[in-house]
Amino acid sequence: MPTWFDESRLDDPGVLESVDLRLRTLAESGSRVRREAHEAATATAELIARGRDGERPRAVIAAGPDSRLLRAVLEPWCPVPFVAWPSPGLPGWAGSLDLVVMLAPEGNDHGSASAVAEAVRRGAQVVVACPQRSLVGEHAAGRDVTVLPTVTGDQLATAVVMLDYLAHVHLGPRADADSVAESLDEVATSCSPHRDLAVNPAKMLAIAMADTNPLVWGGSVLAARAARRLAESLRRTSGRSAIAGDAEHLLPVIEATRPQDVFADPFAEEVAEIRPLLLVLDDRADDPVVREQAGMLKAAAARHGVRVETLETDADAEVARYASLLLTGTYAAEYLRVGLVDD
């Protein structure tokens, strides 16, 4: 069934009240990060103290389905070999010299529980962020196993707990929970449903994407991760074929776009073509390659009449910038859902 976008719904109190639970869940992102950091503080301090005089592991293995987020943060920083292993089990070579870390926000995944049990059997040092009373928590029993207790089921908040530990043992960059939470709070304020669409970046972005198929691009590793997550949200909320990819994957889509007919009748009855929109996630990555790719994509978009929108962040740390971009984009995806109505 055809749909159209009614931007007046974005400031309609009655409509916004009907989606209050989803928007409130987004607004509470910062509080979930603070809560997880508080819950895990004692276990993290004990783990850091216990390993103060220990040697670095031979390798760090991030196991489980959420390992890709850890990879996005750690790969450029980790001073020892780092492997993300989202598949069930562990690499064949993993053993007692290695550190296995896992994010299990819900703690009920059988594959994650099996991987933890396998790591314990091989004698690896294991650190798992999961609910203590969960399937994964039950398998995380052993002399070299530490559970960082989590309670919210939030992937980002759980990741911040793990990254905080890894930063303290010099295996990753600083991921201060307060910094991440403050950035999320700032987004929640600026993108609040109570802010008029004229001064609300998420509502304005939703309007820009209303009649488009978004192409989401982030140049750095973390921005690219945020782009993939955002494209998933956009597909879920709009039913459109939003895609995320590297510059070489998105460029052919832009170049295949026919120039817009400036003489087309905007009031014609035929269904208008849904055109792509290039959405750039800018996390201020100071990399010449990233700048070159961004310039290439924007130039191609200008040649083919493809609109470009940019999401920016002023957050002061990598993980905080990732969180800020992702939450702003997720708010926009929810407002897109609100505005789209059946014809």
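How each quantity is defined
Residues numbered from 1 in each chain as written. Predicted model: local features only at pLDDT ≥ 70, side-chain atom pairs only at ≥ 80, totals over all residues. Heavy atoms only, no water. UniProt positions renumbered as here; feature names shortened; annotations may be inferred. Core = buried A, V, L, I, M, F, W, Y, C linked by side-chain atoms within 4.5 Å. Buried < 20%, exposed > 50% of the residue type's maximum accessible area, 1.4 Å probe, protein only. Helix = DSSP H or I, 4+ residues; strand = E, 2+ residues; numbered from the N terminus. Contact = heavy atoms within 4.5 Å. Pairing = 2+ DSSP bridges. Axes fitted to C-alpha atoms, helices over the stretch in contact; angles between N-to-C directions. Phe/Tyr/Trp six-rings, centres within 6.5 Å; stacked < 30°, edge-to-face > 60°. Lys NZ or Arg CZ within 6 Å of the ring centre and 35° of its normal. Salt bridge = Lys/Arg side-chain N within 4 Å of Asp/Glu carboxyl O.

Per an unreviewed UniProt entry, the chain is named SIS domain-containing protein, and its organism is Nocardioides renjunii. According to the UniProt record, the Sequence similarities (unreviewed entry) comment for the chain reads "Belongs to the PGI/PMI family."

This brings us to the nonpolar core. Counting residues in hydrophobic clusters, the biggest one holds 81 residues, and the most contacted among them are Leu70, Val101, Leu148, Met162, Leu279, Leu281 and Tyr331. In terms of residue count, helix 13 (residues 318-339) provides more of this core than any other element does, 13 residues in total. Non-local contacts of Leu70, meaning those with residues more than four positions away in its chain, are made with Ala62, Glu75, Phe82, Val101, Leu103, Met162 and Leu163. Formed by 20 residues, the second largest nonpolar core is a distinct cluster that contains Ile61, Ala94, Leu135 and Ala140.

What follows is about the sheet that holds strand 5 (residues 125-130). Two orientations exist for strands paired in a sheet by backbone hydrogen bonds: parallel and antiparallel. Strand order in the open sheet formed by five strands is 3-2-4-5-6, and the pairing between neighbours is parallel. Looking along the sheet, the strands with just one partner apiece sit at the ends: strand 3 (82-85) and strand 6 (145-149). Between one strand and the next, the sheet's axes are offset by a mean angle of 15°, whatever the strand orientation. Looking at chain direction, strand 4 (residues 99-103) and strand 5 are connected through five bridges and run parallel.

The next thing to look at is the packing of aromatic side chains. For the structure on display, the rule yields one aromatic pair. With 6.2 Å between their ring centres and 25° between their planes, Tyr331 and Tyr335 make a pair best called stacked. In this pair, Tyr331 and Tyr335 are both assigned in helix 13, four residues apart and thus about one turn of the helix distant. Taken individually, Tyr331 and Tyr335 each receive the classification buried, so the pair is uniform in this respect. Over the ring of Tyr335 we find Lys203; its NZ or CZ atom is 5.5 Å from the centre of that ring.

Spatially, 8-7-9-10 is the arrangement adopted by the four strands of the open sheet, whose pairing is parallel. The open sheet is flanked by strand 8 (243-244) and strand 10 (307-312), the only strands paired with a single partner. Note: strand 9 (residues 275-282) against strand 10, six bridges, orientation parallel. When the sheet's bridge partners are listed, Val280 is paired in strand 10 with Thr310. Taken strand by strand, helix 10 (residues 221-238) contacts strand 7 (212-218), strand 8 and strand 9, and its axis lies near 160° from that of strand 7.

For the structure on display, the rule yields 14 salt bridges. The residue Asp20 makes a salt bridge to Arg24 at a minimum N-O spacing of 2.2 Å. Residue Asp20 and its partner Arg24 are both found in helix 2 (residues 20-27); the two are separated by four residues, about one turn of the helix. Since its relative accessible area comes to 32%, Asp20 is described here as partly exposed. Note that Glu118 is salt-bridged to Arg121, the shortest N-O span being 2.6 Å. Note that Glu118 and Arg121 are positioned in helix 5 (residues 110-122) at a spacing of three residues, about one turn of the helix. On the basis of relative accessibility, which here comes to 60%, the residue Arg121 falls in the exposed class.

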